[in-house]
Amino acid sequence: IVGFVFLGLLVLLSAFVGAGVGLVLVYSTDLPQVDELERYRPSSITELYDGQGRVIGTFALQRRVIAGYDDYPQVLRDALVSIEDKDFYTHSGISLWRIVGAAYRDIESGGKVQGASTLTMQLARNLFLSPDRSFYRKVQEALLAIQIERRFTKPQIFTLYANQIFLGHGAYGYEAAAEYYFSKPARKLKLEEAALLAGLPKAPQYYSPINHPERALKRRNLVLNAMLEDGKITAAQAAEAKNKPIALDLQKDPNSRAPHYVEEIRRYLEAKYGSDQVHEGGLRVYRSEEHTSELQSLRHL
């Protein structure tokens, strides 16, 4: 009898393994090529500067400022990892514990209450896949995440994610979001500001600190609690940050300073370099005070 039971278990195990391999083969047949990420350059803001180096105009389809890993302060990295993906620096693209935990909560609540996507899976979805929540898409997301983890380092993956993610009100990436919501670069974010931005990827419109400050405040404090739980901040730091109100300093539209002049430059650039390059290429355009009618220099970041 023991032999039959053992044989039956082997058959079941073989069936599960075979089914798993079959799923991987089926769902990986039309996966995008991850090596495209090595040449990936997201669209970013083109900025127009005056003779004193001040930004007087911008052109963009997506408000994004490309930043490096070290441009994002430790407090922001800790906040994002604590709330979105606690095991980011140790997993290989997917987190089985998160998948099991999310599935349990889905069953317990009778609906979808929590996603199981790691930062790497979110990056794969944002770059390569559709936003639908089908089982097929979820499997592809996991397979792509594993491939990304094999090819890139954790800092590289974090940087790609941090530059790509949508954070509401036209801001893509944490550098652009820091400039838009607080009129400062990401490296100067305070704890409560970093926690606020780290809470936005879940639902940027729902937790908008502009349109829904009460929701944004609760979400920010949830991030602070997660950081405290992970030992990233002390209880005193968490309490101090929670007691602070949301204090936004929204970025002023630079195009309002000299709208006719900026429009003239836009037309010139589009005629010479094309609309796509102007609105997605992340160019830096400089004008001299002495020759205000002549374009002086243009270069990529």
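Note that the coordinates shown come from a computational prediction; the quantities given were computed from them, not determined experimentally. (Residues numbered from 1 in each chain as written. Predicted model: local features only at pLDDT ≥ 70, side-chain atom pairs only at ≥ 80, totals over all residues. Heavy atoms only, no water.)

### Some remarks on helix H7 (residues 174-182)
Line of reasoning, step 1. With 8 of its 9 residues buried, H7 lies for the most part within the structure.
Line of reasoning, step 2. When H7 is considered as a whole, its buried residues turn out to be Tyr 174, Glu 175, Ala 176, Ala 177, Ala 178, Tyr 180, Tyr 181 and Phe 182.
Line of reasoning, step 3. Those residues of H7 that are buried lie in contact with strand S3 (63-64), helix H2 (74-84), helix H6 (154-164), strand S4 (171-172) and helix H8 (191-198).
Line of reasoning, step 4. Ser 183, located one to two residues past H7, shows a positive phi value of around 55°. (Buried < 20%, exposed > 50% of the residue type's maximum accessible area, 1.4 Å probe, protein only. Helix = DSSP H or I, 4+ residues; strand = E, 2+ residues; numbered from the N terminus. Contact = heavy atoms within 4.5 Å.)

### A closer look at the nonpolar core
Line of reasoning, step 1. In this structure, Leu 37, Tyr 72, Phe 158, Tyr 174, Leu 189 and Leu 197 are the most contacted members of the largest nonpolar core, which totals 51 residues.
Line of reasoning, step 2. Mapped onto this core, the elements with two or more residues apiece are H2, helix H4 (119-128), helix H5 (135-151), H6, H7, H8, helix H9 (213-229) and helix H10 (235-242).
Line of reasoning, step 3. Here Leu 197 is in contact with Leu 167, Tyr 174, Ala 177, Ala 178, Tyr 181, Phe 182 and Leu 189, once residues within four sequence places are set aside.
Line of reasoning, step 4. Ranked by size, the runner-up nonpolar core spans 8 residues in total, among them Ile 56, Phe 59, Ile 265 and Leu 269. (Core = buried A, V, L, I, M, F, W, Y, C linked by side-chain atoms within 4.5 Å.)

### Section: the environment of Leu 222
Line of reasoning, step 1. Topologically, Leu 222 is positioned in helix H9.
Line of reasoning, step 2. Note on Leu 222: relative accessible area 42%, which makes it partly exposed.
Line of reasoning, step 3. Linking Leu 222 and Gly 199, residues 23 residues apart in sequence, is a C-alpha distance of 8.2 Å.

### Some remarks on H8
Line of reasoning, step 1. Burial analysis of H8 places 8 of its 8 residues in the buried class, the great majority of the element.
Line of reasoning, step 2. Among the residues of H8, those classed as buried are Leu 191, Glu 192, Glu 193, Ala 194, Ala 195, Leu 196, Leu 197 and Ala 198.

### Focus on the side chain of Glu 84
Line of reasoning, step 1. In this structure, Glu 84 sits in helix H2.
Line of reasoning, step 2. Note on Glu 84: relative accessible area 9%, which makes it buried.
Line of reasoning, step 3. At a separation of 2.9 Å, a polar atom in the side chain of Glu 84 contacts the side chain of Gln 122. (Polar contact = N/O pair within 3.5 Å; in protein donor to acceptor, adjacent residues only side chain to side chain.)

### Topic: the packing of H2 against H8
Line of reasoning, step 1. Taken N-terminus to C-terminus, the directions of H2 and H8 make an angle of 40°; their axes are 9 Å apart at the nearest point. As judged from the angle between their axes, H2 and H8 are oblique. Handedness of the crossing formed by H2 with H8: right-handed. Judged by residue contacts, Val 75, Leu 76, Ala 79, Leu 80 and Ile 83 of H2 engage Leu 191, Ala 194, Ala 195 and Ala 198 from H8.
Line of reasoning, step 2. Broken down by class, the residue content of the contact of H2 with H8 amounts to 9 nonpolar, no polar and no charged. (Axes fitted to C-alpha atoms, helices over the stretch in contact; angles between N-to-C directions. Parallel < 35°, antiparallel > 145°, perpendicular 65-115°, else oblique. Left-handed = near helix turned anticlockwise from the far one by under 90°. Nonpolar A, V, L, I, M, F, W, Y, C, P; charged D, E, K, R; others polar.)

### Here's the deal with the pattern of salt bridges
Line of reasoning, step 1. For the coordinates displayed, the defined rule picks out 13 salt bridges.
Line of reasoning, step 2. Two residues, Glu 84 and Arg 219, come together in a salt bridge whose shortest N-O distance is 3.7 Å. With Glu 84 in helix H2 and Arg 219 in helix H9, this residue pair connects regions lying 135 residues apart in the sequence.
Line of reasoning, step 3. With relative accessibility at 8%, the residue Arg 219 sits in the buried group.
Line of reasoning, step 4. Of the charged contacts in the structure, one is a salt bridge between Glu 263 and Arg 266, with a shortest N-O distance of 2.4 Å. Here Glu 263 pairs with Arg 266, and both are found in helix H11 (residues 259-273), just 3 residues apart, close to one helical turn. (Salt bridge = Lys/Arg side-chain N within 4 Å of Asp/Glu carboxyl O.)

### A few points about the environment of Leu 196
Line of reasoning, step 1. Along the polypeptide, Leu 196 turns up in helix H8.
Line of reasoning, step 2. A sequence separation of 13 residues divides Leu 196 from Pro 209, and the C-alpha atoms of the two residues are 8.2 Å apart.
Line of reasoning, step 3. The contact partners of Leu 196, leaving out residues within four places of it in the chain, are Phe 182, Pro 209, Ala 216, Arg 220, Ile 246 and Leu 248.

### As for a nonpolar patch on the surface
Line of reasoning, step 1. On the surface, Ile 210, Leu 248 and Leu 250 cluster together into a nonpolar patch covering about 190 Å² of accessible area.
Line of reasoning, step 2. A relative accessible area of 30% places Leu 248 in the partly exposed class. (Patch = residues over 30% accessible without salt bridge, like charges linked within 9 Å, V, L, I, M, F, W, Y side chains within 5 Å. Areas by Shrake-Rupley, 256 points an atom, 1.4 Å probe, with all protein chains shown as cover.)

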